[in-house]
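# An overview of the molecular structure
Take a look at the letters that make up each chain.
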Amino acid sequence: MDPVPWREAWHEALYAADRGFYVAAGGPAAHFTTATHGPSGAVLARALLRLFVEGHGGRLPTVVVDVGAGRGELVTHLLDALADPVEWAVSPTRNRGKVPTRVVGVDVVERPDGLGERVEWHRSPGGADLPNDLTDLADALVVAHEWLDVVPCTVAEVDGSGTLRELLVDRASGDETPGAPLTGADLLWAERQWPVGRRGARVEVGRARDEAWAGLVHRVRSGTLVAVDYGHLVSGRPDGGTLTAYASGRRTRPVPDGSCDLTAHVAMDS
């Protein structure tokens, strides 16, 4: 099988209906944990709700959305926290006994077994794409916890002549070969956001993440959006890139065959 652009292989490896890592039985939680799991997830949920309350005159949100919800770990913690009358006693006339009309989880799988009845579930196409009916959100708290880092993006490398070329990858082995020179919007993004010069320097073109975030923001009429992710700033972009993989609790070589999580840090300031 011929090598293909990393962005294409990456998307298939994570989200393909027949073999994607994120649609496989057990999901990411079978391989690793994040801050959304266990006791830390309960703390995170309260902190996110507190952020909204303090920024919106003591009011709780009308709708809470978790984008990239896994198997519902964080939305479950959010629902529990929202139902806690002690937590929101700071504004009893506005919040006592109030639970948002909607608590929504969004991910690439069907509704997980055992998820609380109050949680609404929307299946996403994967990557940057979101459900069509997730729109016009008002008075909303929208959380994207480690979502942008798994939005596949173009990967490029500087060749011996100083040209930035898109990298192609073999789906089965993970071996890379240089492709065509980067052009158009991807090249413009790299020149502005991730300037490189030396041979072998790598760029993970964050344009796809920028567009994903803008698309999510466009769906929110009012409220607060929070992105929590691994990231870097233009003043300290990593010269060798950050693309890596995880499987069975360990970091491993990135091979886009569906056997591992594939992730790259986010250019947070772009």
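A brief report on the enclosed structure follows. (Residues numbered from 1 in each chain as written. Predicted model: local features only at pLDDT ≥ 70, side-chain atom pairs only at ≥ 80, totals over all residues. Heavy atoms only, no water.)

### Some words on the sheet that holds strand β14 (residues 261-263)
Which entries qualify depends on this criterion: Any two strands are treated as partners once DSSP identifies two or more bridges connecting them. Secondary structure elements are taken from DSSP: a helix is a run of H or I of four residues or more, a strand is a run of E of two residues or more, and numbering for both begins at the N terminus. Axis definition: a line fit to C-alpha positions, over the contact stretch in the case of helices; interaxial angles, taken between N-to-C directions, run 0 to 180 degrees.
Taken in spatial order, the 3 strands make up an open sheet running β13-β12-β14, and their pairing is antiparallel. Of all the strands in the sheet, just β13 (250-252) and β14 have a single pairing partner and so form its edges. Geometrically, the sheet is characterised by an average inter-axis angle of 35° between neighbouring strands, direction not taken into account. As defined by bridge partners, strand β12 (residues 244-247) adjoins β14 across 3 bridges and the pair is classed as antiparallel. By the bridge assignment, Tyr246 is partnered in β14 with Asp261.

### Here's the deal with helix α5 (residues 184-193)
Let me state the cut-off plainly: Buried means the residue's accessible area, taken with a 1.4 Å probe over protein chains only, is under 20% of the maximum for its type, while exposed means over 50%, and partly exposed covers the values in between. Our arc is simply the arc of the directions from the helix axis toward the C-beta atoms. Contacts between residues were defined by any pair of non-hydrogen atoms, one from each residue, lying within 4.5 Å.
Taken as a whole, α5 has its buried residues at Asp186, Trp189 and Ala190. Projected onto a plane normal to the axis of α5, the buried residues spread over an arc of 100° and lie on a single side. In α5, the exposed positions that point more than 90 degrees away from the buried face belong to Gly184, Glu191 and Arg192. Those residues of α5 that are buried lie in contact with β6 (154-158), β7 (164-169), β9 (202-205), α6 (207-218) and β15 (266-267).

### Some remarks on the side chain of Thr263
Threshold: In protein, a polar contact means a hydrogen-donor-capable atom and an acceptor-capable atom, both N or O and within 3.5 Å, with residues adjacent in sequence counting only if both atoms are side-chain atoms; elsewhere, any N or O pair within 3.5 Å suffices.
Mapped onto the secondary structure, Thr263 falls in strand β14. Using a relative accessible area of 7% as the deciding quantity, one classes Thr263 as buried. Of the polar contacts made by the side chain of Thr263, one reaches the side chain of Asp149; its length is 2.5 Å. Once residues lying within four places of it in the same chain are set aside, the contact partners of Thr263 are Trp10, Asp149, Val150, Thr242, Leu243, Thr244 and Tyr246.

### Some remarks on the sheet that holds strand β5 (residues 140-145)
Adjacent strands of a sheet form backbone hydrogen bonds with each other and so pair up, either parallel or antiparallel. The 5 strands are arranged β4-β3-β2-β5-β10 in an open sheet whose pairing can be described as parallel. Each edge of the open sheet carries a strand with a single partner, namely β4 (119-123) and β10 (223-228). Taken over all neighbouring pairs, the strand axes of this sheet differ in orientation by 15° on average, direction set aside. In terms of strand pairing, β5 meets β10 through 6 bridges, oriented parallel. Bridging from a neighbouring strand, Ala144 pairs with Ala227 of β10. The strands that helix α3 (residues 73-82) touches are β2 (63-67), β3 (102-107), β4 and β5; relative to β3, the one it contacts most, it runs at about 170°.

### A word on the pattern of salt bridges
Selection criterion: Salt bridges are counted wherever a side-chain nitrogen of Lys or Arg sits within 4 Å of a carboxyl oxygen of Asp or Glu.
For the structure on display, the rule yields 15 salt bridges. Glu120 serves as the salt-bridge partner of Arg102, at 3.1 Å between the closest nitrogen and oxygen. One end of the pair, Arg102, is in strand β3; the other, Glu120, is in strand β4, and 18 residues separate them in sequence. According to the relative accessible area criterion, Arg102 is partly exposed, its value standing at 26%. In this structure, Arg202 engages Glu176 in a salt bridge whose closest nitrogen and oxygen atoms are separated by 2.8 Å. Of this pair, Arg202 sits in strand β9 while Glu176 is found in strand β8 (residues 176-181), placing the two residues 26 residues apart along the sequence.

### A word on the packing of aromatic side chains
To keep things clear, this is the line we draw: Ring pairs are drawn from Phe, Tyr and Trp, using the six-membered ring of Trp, whenever the two centres fall within 6.5 Å, and their geometry is named by plane angle: stacked under 30 degrees, edge-to-face over 60, tilted for the rest.
By the definition in use, this model includes 2 aromatic pairs. The interplanar angle of 80° and the centroid separation of 5.5 Å between the aromatic rings of Phe21 and Tyr22 together place this pair among those described as edge-to-face. With relative accessibility at 3%, the residue Phe21 sits in the buried group.

### Quick look at the side chain of Arg237
Positionally, Arg237 belongs in the loop between β11 (231-232) and β12. Residue Arg237 is classed as buried on the basis of its relative accessible area, which comes to 12%. Engagement of the side chain of Arg237 in a polar contact is seen with the backbone oxygen of His232, the distance being 3.0 Å. Contacts of Arg237, omitting those with residues within four sequence positions, involve Gln193, Trp194, His232, Ala267, Met268 and Asp269.

### Considerations on the nonpolar core
Selection criterion: In this description, a nonpolar core means a group of buried Ala, Val, Leu, Ile, Met, Phe, Trp, Tyr and Cys residues linked to one another through side-chain atoms lying within 4.5 Å.
Ranked by internal contacts, the top residues of the largest apolar core, which has 63 residues, are Trp10, Val65 and Trp147. Residue contacts for Trp10: discarding those within four places in its chain leaves Asp149, Val151, Pro152, Cys153, Val155, Arg209, Leu243, Pro256, Leu262, Thr263 and Ala264. Within the second largest apolar cluster, 11 residues are counted, among which are Ala201, Val203, Val205 and Ala267.

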